[in-house]
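Here's the letter readout for the chains.
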Amino acid sequence: MIEASTPEAVTPTRFQRWADAASDRLESLPQTLRRVLVAGVTMLCGLLALFIITVPFELYSQCIFALGCFVAALVLRKIPGRLTVLILIGLSLTASLRYLYWRLTSTLGFEGWVDMLFGYGLVMAELYAMIVLVFGYLQTAWPLRRKPVLMSGPPSEWPTVDVFIPSYNETLDIVKVTIFAAQAIDWPQDKLRVHVLDDGRREDFREFCEQIGVGYIVRDNNRHAKAGNLNEALKVTSGEFVTIFDADHVPTRSFLQVCVGWFIKDPKLAMLQTPHFFFSPDPFEKNLNTFRSVPNEGELFYGLVQDGNDLWNATFFCGSCAVIRRAPLLEIGGVAVETVTEDAHTALKLNRAGYNTAYLAIPQAAGLATESLSRHISQRIRWARGMAQIFRTDNPLFGKGLKLGQRLCYLNAMLHFFYGLPRLAFLTAPLAFLFFDAQIFHASALMITAYVLPHILHASLTNSSIQGRFRHSFWNEVYETVLAWYILGPVLMALVNPKFGGFNVTDKGGVIDKKYFEWKLARPYIVLLILNAAGLIYGVVRLMEGAEGATTTILINLAWTVYNLIITSASVAVASETRQVRSEPRVAATLPMRLTRADGSVVDGVTQDFSQKGLGFLLPAGIDLPKGERVQISLFRNQQLSVFPAVIMFSRDGLLGAQFDQLTLRQQSELIRLTFSRADTWASTWGNGQVDTPLSALREVTGIGLRGIYELFKATGMEVRNLFRRSQVSPSKLENVLDK
Amino acid sequence: MNRTDDISNLFNGFGASADSYLDFSNQFDYKERPLAFVPAVSKPVPAIEAAEPEIDLSAKKLAQTVTESEANLEPELAPVNAAQSGTPLRHLLAEVALARRAEAQARNEEALRQVTPHSRPAKTRAHVIAVVSAKGGVGKSTLASALTTALRLEGGQTLAIDLDPQNALQYHLGAAPDVLGMCNASIMGEKWKPLLLSGSAGTLLLPYGAMTEEERRTLERYLENDRYWLARQLASMDLGENDVVILDTPPGRTTYLDQVLMVADQVLVVTTADAACFVTLDQMEHLLGERMARGQAPLCNYVINQFDSSRVFCRDMHEVIKRRLGSRLLGVVALDHAVGEAMAYGQNPLLEAESSPACQDMLILSDMLKAQLKSMVVSEFYAS
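Residues numbered from 1 in each chain as written. Chains lettered and ligands numbered in written order. Predicted model: local features only at pLDDT ≥ 70, side-chain atom pairs only at ≥ 80, totals over all residues. Heavy atoms only, no water.

(A) A look at the overall build of chain A. Across its full length, chain A holds 24 helices and 21 strands. Expressed as a percentage of the 740 residues in chain A, the buried residues total 54%. In chain A, 78% of the contacts between residues at least 6 apart in sequence involve partners at least 24 apart. Surface exposure of chain A reaches about 33500 Å², of which carbon and sulfur atoms provide 63%. (Helix = DSSP H or I, 4+ residues; strand = E, 2+ residues; numbered from the N terminus. Buried < 20%, exposed > 50% of the residue type's maximum accessible area, 1.4 Å probe, protein only. Contact = heavy atoms within 4.5 Å. Areas by Shrake-Rupley, 256 points an atom, 1.4 Å probe, with all protein chains shown as cover.)

The following block contains the structure:
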């Protein structure tokens, strides 16, 4: 069942072959002639583009032009290949820039402060969206798709590597898996040094590290959290390379051999990042039940954006699952401590110092996603705040050491987090007209349609083509809506005063016993939902009353309001936390296994999933075992068996679950070697979700939205009932805790 | 190096080759906490060890019954001699019968002694596979019975002949125990073919038979005097070229082994992955070497039986034996109690516990021997 995903084979079409031949002929021309030719063509293209963008069309011709472009886009979409993507981007940019030019020149003419407030506000939001769109195209149009370089030469010549596992408040149970897996990495024993950096200075960690023979590093303070921890550890270690894994990111055994090769090939390479892969669902996937069917939020970033950054040599460090060369890191003064996103800042500094950074889109480590929505939100707040801090204190547009491509990529990474205000503006804009009758758009409704629709549709289509495997349409809006209200404040604060520490409110998380509704968190979405619903009703009423001349305007605004309703109701659905049955997430995997019963009989079976503590498996011919029976489970590695004692937990129709029974340290290590350390488990499920089609995505999000509204009503009903009974269950305490 | 494991899956996923990937199995010294060792873990272990002596115990029991039956015979004779005067008719008749039998025996011995020494019998057309071992308790009879069940050539029969005084093969194959065995038949000059019993799964078997100590020694004297005794017996069975004969032998260097090495086309040496068997490998190789020096040596193969792959020691021993024997080591049969238990319940393991790992291994072994057998060039005559 473990399938490997093969990259798309691009068959050269006749056009591409002609293009190759033409470029070959071009290469053969002398230098100066070539430069002149290139400059000439660029200028010609520029003039042409300018012409296309600025020529004013009347309604009819604009419609024909837009329709033509859109039809072309729909047709071209079917052809795979990088050239198609470029053409689609070109068409989208044409539509969007035409819209922007027309918007800025023909539609701004406001009277009255209400109009001006809403009007200019909307234009600013649209400008932001346009910039992010253009930069996004730049970032993702041509992902590098770097292939790993394997180690050559004898192991005695391989470099020394320090593996750092920083930990603060995670339990030993979770970190144990990472430590064992780090020990099991395929690398010469004398050149691999594993260190646990314990900022909690806990006795059980120290004892454990001593028992299994890994390094244990502590410091006497907790300044600068993880960055400070890493810097202190750098002082007492000496390996040529440094690898960092968060406490719950478990590496595979092939991690180093896959990653270190590039450092040997490129002496200027300072940092290589690999994806953060999660084998448990994040709050969106859990609460909306979209695990492994809709790509999760991180997949766009790790699957596409970083790969695109790699082309421009602008990959940035993400705090874990990366290899860094020690010398450049020490040169820039260690891990950056000035901002709370110390990882991105460190990479920026490395790039400024002239070093290269790289990205391999192959997941070689996996961890746990954030368990609850509140934890998720506080993590994103931290990232947003940190990015705003870097924007203020170390802006990539200024300062030396960066190339243009790097500047724009870093800038886009930071600008991405400023979506708070624009998103809220988009979610409330139609209400300005519906409630206050504000004339925020000076153009006839039809003209608006003729310009806005192509812009939106092209952007949607092009993004779907580029990102389809990594993000489905309209989910962008859902993710942004969920976080918009929460990151607005911290980002503004950080922009104004980057030194302000702020506080992170973190929920302890863990096992969620029953289904409940995060009222406190969902408040902003509920407010937006109610506003938009009210706007819808009001607009319908006005329509029925028959306002003169404004019918089409009302209709357009109503359509926009409905769209907003779908998005906000989907966000409300995210706040309805589902019950978490297992306290420990399982990894789905199919491995051969052997079961030995107490009477000595042996049965061969196949695993369904595994975790640190237990195993789920299938036996043939529906063999059932009684609960509580002691068995021995054997797993294979290259014909060799390793045996683990276990107790059957449940058994039904040949599907059984067992829990491992007090394993020795060696057995635990062996178990992790045979399960978590397998090199192909994460890579086989990466990027294998359903490819996006905008219409079905819209249908899905609408369905989720309806469910969200239903959950909201149900929860409201329960709350009202509880109020009558006066037995309110208090929500989990929120504490000021430094999250990771 | 062709890998079919997680590394190759990973590398195939992005279209690269995993040839230069190196595996490291770094060994670490873990300081286990004493509480970590729980008795529950060791519980199954005694079960495994207990299984092994079972077969030996049963063998001992058989030996016991044999000696008991011997003891039973002798008191019968005593009353006859003691009460000569007032003896009843039946005792007189018994005396006469006994005398008659002794005379026949003597005649036979004489006849055999006269006939045998110099004439070489014709080589039987059937394929002969001998299952031998240097040490006892390695599972020879089990393997022999498995081969008898599994190895069959088209258009021919497979029969097993038990040359081990332990007389255990009949229990493996589920043949009725109280009949005239090979030993008695040989002493009385009876032919073997009509005495073949049918065992489970359509096998044919000639058991060693229950005999007295005296009778056994007599038989062994025949063997010592006549190098071609077994060859003669096989020749008299008139077997076809698609027939296969499996010979089960007693462990160690015995006169049966010399006979068997004379007639066998293939020899399968059974050993286990431990030190005790390893040190006897020398002995076996020496013996086979002697045979080879005399020309027309049989094809020798080794198999490791009762292999417990969960123990590192066993795996290491396997490696050591593999290095020593090279391609002569045909394979490994896993330790599996289903096999021993099948015999205890009077069942043929290859029929009852087909899916057990040991049975799979035995079937593979049988196929390999069959393939060898088919490709062998068999000579027409016996060597001297």
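(B) Summary view of the sheet that holds strand β3 (residues 215–217) of chain A. Residue and element names in this part refer to chain A. With respect to topology, 7 strands assemble into an open sheet ordered β3-β2-β1-β4-β8-β6-β9, the strand pairing being mixed. Two strands bound the open sheet, and with one partner strand each, they are β3 and β9 (356–359). Between one strand axis and the next, the sheet turns through 25° on average, direction left out of account. Pairing geometry for strand β1 (residues 161–167) and strand β4 (residues 241–244), over 4 bridges, is parallel. From the neighbouring strand, Phe 164 faces β4, where its bridge partner is Ile 244. Contacting β1 and β2 (192–198), helix α6 (residues 172–183) runs over the sheet at an angle of about 180° to β1. The sheet contacts of helix α8 (residues 225–236) involve β1, β2, β3 and β4, and relative to β1 the element is tilted by about 145°. (Pairing = 2+ DSSP bridges. Axes fitted to C-alpha atoms, helices over the stretch in contact; angles between N-to-C directions.)

(C) Representation of the pattern of salt bridges in the model. All names here are of chain A. Inspection of every chain in the model, using the stated rule, returns 34 salt bridges over all chains. A salt bridge links Asp 173 to Lys 613; its shortest N-O distance comes to 3.3 Å. Within this pair, whereas Asp 173 is found in helix α6, its partner Lys 613 is found in the loop between β16 (602–610) and β17 (614–618), the two being separated by 440 residues in sequence. Asp 198 serves as the salt-bridge partner of Arg 202, at 2.7 Å between the closest nitrogen and oxygen. Just as Arg 202 is buried, Asp 198 falls in that class too. (Salt bridge = Lys/Arg side-chain N within 4 Å of Asp/Glu carboxyl O.)

(D) Seen up close, the sheet that holds strand β5 (residues 244–248) of chain B. All names here are of chain B. The strand order across the open sheet built from 8 strands is β3-β4-β2-β5-β1-β6-β7-β8, with neighbouring strands paired in mixed fashion. The sheet is open, and its two edges are formed by β3 (197–198) and β8 (329–334), each paired on a single side. Of the strand pairs in this sheet, strand β2 (residues 158–162) and β5 are connected by 5 bridges, and their pairing is parallel. Across the sheet, residue Thr 158 finds its bridge partner in β5, namely Val 244. Helix α5 (residues 140–150) rests against β1 (127–132), β2, β4 (204–206), β5, β6 (266–272), β7 (299–307) and β8 of the sheet, and its axis sits at about 170° to β5. Its contacts with the sheet place helix α10 (residues 255–263) against β1, β5 and β6, and it is angled at close to 145° to β1.

(E) How the structure looks around the packing of helix α17 (residues 420–436) of chain A against helix α21 (residues 551–574) of chain A. All names here are of chain A. Taken N-terminus to C-terminus, the directions of α17 and α21 make an angle of 145°; their axes are 9 Å apart at the nearest point. Note on packing geometry: the crossing formed by α17 with α21 is left-handed. Counted together, Phe 426, Leu 427, Thr 428, Ala 429, Pro 430, Phe 433 and Leu 434 of α17 and Thr 553, Ile 554, Asn 557, Leu 558, Trp 560, Thr 561, Asn 564 and Thr 568 of α21 form the full contact between these two elements. Looking at side-chain class alone, the contact of α17 with α21 contains 9 nonpolar, 6 polar and no charged residues. (Left-handed = near helix turned anticlockwise from the far one by under 90°. Nonpolar A, V, L, I, M, F, W, Y, C, P; charged D, E, K, R; others polar.)

Read these as geometric descriptors, not functional statements.
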